[in-house]
Amino acid sequence: MPEKTSSRLIRNFRFYLLLSAVSSIIGVIAIAAMWYLADKAFTPTEHQLLTMSMARENLKAKLALAGKDSVPECAQVATGVYLQSLNFHSANDVHISGYIWQKVPIAADCPVQAKAGFYFPEAVEGANELRKKYEYVQGNETLHGWIFETTVRQPFDYSKYPLDHQTVWLRILSNDFDGYSTLIPDLDAYPDTGVKSYFGLDSDIVLGDWLIDETFFDFKTATYHTNFGYQTATTELNPELHFNVVLKRKFVNAFVVNLIPMLTVAALLFAVLMIISRKRSTLAFNGFSIMSVIGTISALFFVVILSHVNTRTKFPAQSIVYIEYFYLLLYIAMILVVLCSFIFNAPLNVQRKLVMHDFMLPKLIYWPSLLLAMVLISYWALF
């Protein structure tokens, strides 16, 4: 029976070779299509504040949900942000610098007197630097401006790395802890605050491995579960001003750093598999031996493990990220190639049962099976 199957395989070799090549091409196209869709998978964030009137209405609605009275406009401090640098210091720490300003209304008859001042609650201790730059009275308001530099710590989801999108936010709270002042975004200070636009960033800002999808202001509600010692009810659902920067990673950079080395290792593994043969003349020509196979794969394993460790150290708190599944595939492929080399030393009848006609079947299915696994992993991890 094995001889008949082997003969059939030989007779239809060209067909199986073509099938293998077509399957591999389809796998490459499928993976490329999924990468393209994942890289372009950007949906504008809901609940963006586009105009000052929208911001005031959104603030009023969120205060109503918290069971609080609406804040009069004379107590609303318009706050704007202009970022000059944004840099990831680590997987969770982002260094940000730029300008921030506030317009404090001047209204003697206002029931609540607004005050200037703010802070970043997520700033890392000792990493916040603030300098007053200007202060002017213009019309019925006082304009205050600061230069700031801070490092904020935030949770990010890197599970789709290197096809991930991240939102870096600057959470801005008023220094007026008694709650007399309420911060709203100064949207009139920007020429375009529409959906899918980005503003509040220096045109020459350097983002390294990132591209900008959009920026926007919004109010997020926070629950503190404490009254901070005041003789009042627990503070719930407080609206807080956030300036958000939506980023996507430059896929080409990540492709060069991660995927090209892995594809090179996969190609070298295939080359090792190709030299395995039951023909003594071929073995002598290739200089094949089990020890040479193990030595070659050990060297490849060392390259892969270094790259894997480098990736893992970038995201120590994250579970397995998308790119790591490809490393796991390479480990499995290395083990299987080593096992194929050991089959060479098995008795002839065992070889015929396990691998027919000069290891042709493993050589034909190597790329289709590897790419099929990558397609399934990509679909599961990215969609």
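Just so you know, these numbers come straight off a predicted model, no measurement behind them. (Residues numbered from 1 in each chain as written. Predicted model: local features only at pLDDT ≥ 70, side-chain atom pairs only at ≥ 80, totals over all residues. Heavy atoms only, no water.)

Q: In this structure, what is going on with a nonpolar patch on the surface? I would like to understand it.
A: A contiguous nonpolar patch, built from Tyr-36, Leu-37, Tyr-379 and Phe-383 and spanning about 500 Å² of accessible area, is present on the exposed surface. One can find Tyr-36 in helix α2 (residues 13–40). (Patch = residues over 30% accessible without salt bridge, like charges linked within 9 Å, V, L, I, M, F, W, Y side chains within 5 Å. Areas by Shrake-Rupley, 256 points an atom, 1.4 Å probe, with all protein chains shown as cover. Salt bridge = Lys/Arg side-chain N within 4 Å of Asp/Glu carboxyl O. Helix = DSSP H or I, 4+ residues; strand = E, 2+ residues; numbered from the N terminus.)

Q: How should I be thinking about the nonpolar core in this particular structure?
A: Where a protein is soluble and globular, its nonpolar side chains tend to be buried together. One finds Leu-83, Leu-86, Leu-170, Leu-269 and Phe-326 to be the most contacted residues of the largest nonpolar core, which totals 90 residues. Counting residues per element, this core draws most heavily on helix α7 (residues 324–343), at 12 residues. Apart from the residues lying within four places of it in its own chain, the contact partners of Leu-170 are Val-81, Leu-83, Ile-96, Phe-120, Phe-148, Thr-150, Val-152, Leu-241, His-242 and Phe-243. (Core = buried A, V, L, I, M, F, W, Y, C linked by side-chain atoms within 4.5 Å. Buried < 20%, exposed > 50% of the residue type's maximum accessible area, 1.4 Å probe, protein only. Contact = heavy atoms within 4.5 Å.)

Q: I keep staring at the state of the cysteines and nothing clicks. Help me out?
A: Here, the word disulfide means a covalent bond between the sulfur atoms of two cysteines. As enumerated under the stated definition, the model contains one disulfide in all. For Cys-74, the disulfide goes to Cys-110, at an S-S distance of 2.0 Å. Of note, the bridge from Cys-74 to Cys-110 carries an S-S torsion of about 75° and is right-handed in sense. Linking Cys-74 in the loop between α3 (52–65) and β1 (76–88) with Cys-110 in the loop between β2 (93–105) and β3 (118–119), this pair joins segments that are 36 residues apart in sequence. Assessed through its relative accessible area of 19%, Cys-74 is described here as buried. (Disulfide = S-S within 2.5 Å.)

Q: Is there a simple way to think about the UniProt feature "transmembrane region" (unreviewed entry) in the protein chain in this case?
A: Per the UniProt record, "transmembrane region" (unreviewed entry) is found at residues 15–38, 251–276, 283–305, 325–344 and 364–382. Annotated as residues 251–276, this span is 96% helix and 0% strand, and its ends, taken at the C-alpha atoms, are 36 Å apart. (UniProt positions renumbered as here; feature names shortened; annotations may be inferred.)

Q: I tried to follow unusual backbone geometry on my own but got confused; where do I start?
A: Phi is mostly negative for residues that are not glycine, and the peptide bonds are mostly trans. Cis peptide bonds are those with omega within 30 degrees of zero, and the linkage from Tyr-161 to Pro-162 qualifies with 10°. As for its placement among the helices and strands, Pro-162 is situated in the loop between β5 (141–153) and β6 (165–174). For His-47, which is not a glycine, the phi torsion comes out positive at approximately 65°. Topologically, His-47 is positioned in the loop between α2 and α3. Positive phi values are uncommon outside glycine, yet Lys-196 reaches one of about 70°. With respect to the element layout, Lys-196 can be found in the loop between β7 (182–185) and β8 (210–222).

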